[in-house]
Amino acid sequence: MELKFTKMHGAGNDFVVIDATKAPLALSTAQLQRLGDRRFGVGADQILVVEKATRPDVDFRYRIFNGASGAEVEHCGNGARCFVRYVRDHGLSDKDVVRVETVNNLLELRLQGDGRVTVNMSQPRFVPADLPFKHEGLQPRTMNGYEIWPLALPNGPTVDVALVSMGNPHAVMRVDNLNQTPVAELGPLVESHVRFPRKVNAGFMQVQSHSAIALRVYERDAGETLACGTGACAAVVAGIRLGWLGPKVNVETHGGLLTVEWAGPGADVFLTGPAVTVFEGEISL
């Protein structure tokens, strides 16, 4: 089959975006992996599919597939920004605010006057079962009313993790020097730890000030990416709950700058950043 696509990125987190609003699209796992393959396909962290809404209170259905495994995943904040840019640029919507349904959530995407996009990422969740995280036999310590869990890594150190679900699971760790942190070594040990039965996104955060952090994320089934929108949200939320950060934080990633805002428990998280089209193409699958 011949498949038209658009290559996009949000702060270096890159995507293949496909329009499935005119006809249903059913790609096999192998075809999705081919799209995500950087040598034999297009190359992408995630494959984003635009579908017709299945309910009257939203504009589109937003589906996300991991570019390495082909598995459908729950959430991608950087992808959500590219989603609204795509539907506007391709004439699928003329709205500045677009509501979409994901596999487990509803999102509001807002196109800003400066070209950046703000995504209402909904409320974070903190119950271990929401990730899920098997905490039996562990004793957390509490800081500012928020639990930090000791995680003994196989053949490695014990790290302290703050647990956040942004619709997908995150384990956030604070480090003193991000450049000297062995993310490539520690990331997969956290991501695939037996206490996370569905794996986890491992975030490494360096607090620079009350309103700025640097962040690297080893993503579930993808490895380290240039930026992770839900990871940025999870890191800022954890930092706010632990008393390290204020309500609006700039997040420095290898791919660019993101801004996260959160007023605290009971409030939604807002993620703002770029959404850029790289090129249009067609591939034979």
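What you see is a predicted model, and the numbers here were worked out from it, not measured in a lab. Starting from 1, residues in each chain are numbered consecutively following that chain's sequence as written. A pLDDT threshold of at least 70 governs which residues receive local features in this predicted model, and a stricter bar of 80 or more applies before side-chain atom pairs are shown or counted, although totals over entire chains, interfaces and linings include all residues. Excluded from the side-chain calculation are hydrogens and water; included are all heavy atoms of the structure.

(A) Molecular detail of the overall build of the chain. What counts as a helix is a DSSP run of H or I of at least four residues, what counts as a strand is a run of E of at least two, and both are numbered from the N terminus. Tallying secondary structure elements over the chain gives four helices and 19 strands in all. Along the longest, intermediate and shortest principal axes, the C-alpha atoms of the chain span 50 × 40 × 35 Å. With a 1.4 Å probe rolled over the protein chains alone, any residue whose accessible area is under 20% of its type maximum counts as buried; one over 50% counts as exposed, and the rest are partly exposed. The buried share among the 285 residues of the chain stands at 55%. The contact rule is simple, with two residues in contact once any of their heavy atoms fall within 4.5 Å. Considering only intrachain contacts with a sequence separation of at least 6, the fraction spanning at least 24 residues in the chain is 61%. For the area figures, the Shrake-Rupley method with a 1.4 Å probe applies, and any residue is considered shielded solely by the protein chains shown. Carbon and sulfur atoms make up 48% of the accessible area of the chain, which totals about 12,000 Å². His is not counted here, nor are the chain ends, while Lys and Arg score as positive and Asp and Glu score as negative. For charged residues, the charge sits on one atom: NZ in Lys, CZ in Arg, CG in Asp, CD in Glu. Distance from the positive charge centre (28 side chains) to the negative charge centre (31 side chains) of the chain: 1 Å.

(B) Focus on the environment of Gly-167. Mapped onto the fold, Gly-167 is located in the loop between strand S11 (158-165) and strand S12 (169-174). Overall, the relative accessible area of 9% leaves Gly-167 in the buried class. As for Gly-167 and Glu-74, which are separated by 93 residues in sequence, their C-alpha atoms are 6.2 Å apart.

(C) Spatial organisation of the environment of Gly-145. Position of Gly-145 relative to the elements: it lies in the loop between strand S9 (141-143) and strand S10 (146-152). Note on Gly-145: relative accessible area 57%, which makes it exposed. Considering only alpha carbons, one finds Gly-145 and Gly-243, 98 residues apart in sequence, at a separation of 9.7 Å.

(D) Region of the structure containing the pattern of salt bridges. Salt bridges are defined as contacts in which a side-chain nitrogen from Lys or Arg sits within 4 Å of a carboxyl oxygen from Asp or Glu. With the rule as written, the count across this model stands at 19 salt bridges. A salt bridge links Glu-51 to Arg-63; the shortest N-O distance between them is 3.1 Å. Taken together, the residues span a long stretch of sequence, with Glu-51 in strand S3 (residues 46-52) and Arg-63 in strand S4 (residues 60-66) at a distance of twelve residues. Per residue, the accessibility class of Glu-51 equals that of Arg-63, and both read buried. Across the pair Arg-63 and Glu-72 runs a salt bridge, and its minimum N-O distance is 2.9 Å. Look at Arg-63 and you get buried, because its relative accessible area is 18%. Among the residues examined, Glu-72 registers a relative accessible area of 34% and is labelled partly exposed. What emerges from the salt-bridge pattern is a single network uniting Lys-7, Asp-14, Arg-38 and Asp-45.

(E) Expanded view of the pairing of strand S2 (residues 13-19). For S2, a buried count of six out of seven residues is recorded, marking the element as mostly surrounded by other parts of the structure. At least two DSSP bridges between two strands are required for those strands to pair. Here strand S1 (residues 2-10) runs beside S2; their pairing, made up of five bridges, is antiparallel. Note on S2: the bridge partner recorded for His-9 is Asp-14. Here S1 hands over to S2 after two residues, with Ala-11 in that stretch at a positive phi of 60°. In terms of strand pairing, S2 meets S3 through five bridges, oriented parallel.

(F) View of the environment of Glu-185. By secondary structure assignment, the location of Glu-185 is in helix H3 (residues 183-191). Sequence separation of Glu-185 and Tyr-218 is 33 residues, and the distance between their C-alpha atoms is 10.0 Å.

(G) Broad picture of the pairing of strand S16 (residues 248-253). Going residue by residue along S16, you find Val-249, Val-251 and Thr-253 tucked away on one face and Lys-248, Asn-250 and Glu-252 left uncovered on the opposite face. Bridging between S16 and strand S17 (residues 256-262) involves six bridges; their strand directions are antiparallel. Paired with Thr-253 across the strands is Gly-256, a residue of S17. The antiparallel hairpin formed by S16 and S17 contains two residues in its connecting segment.

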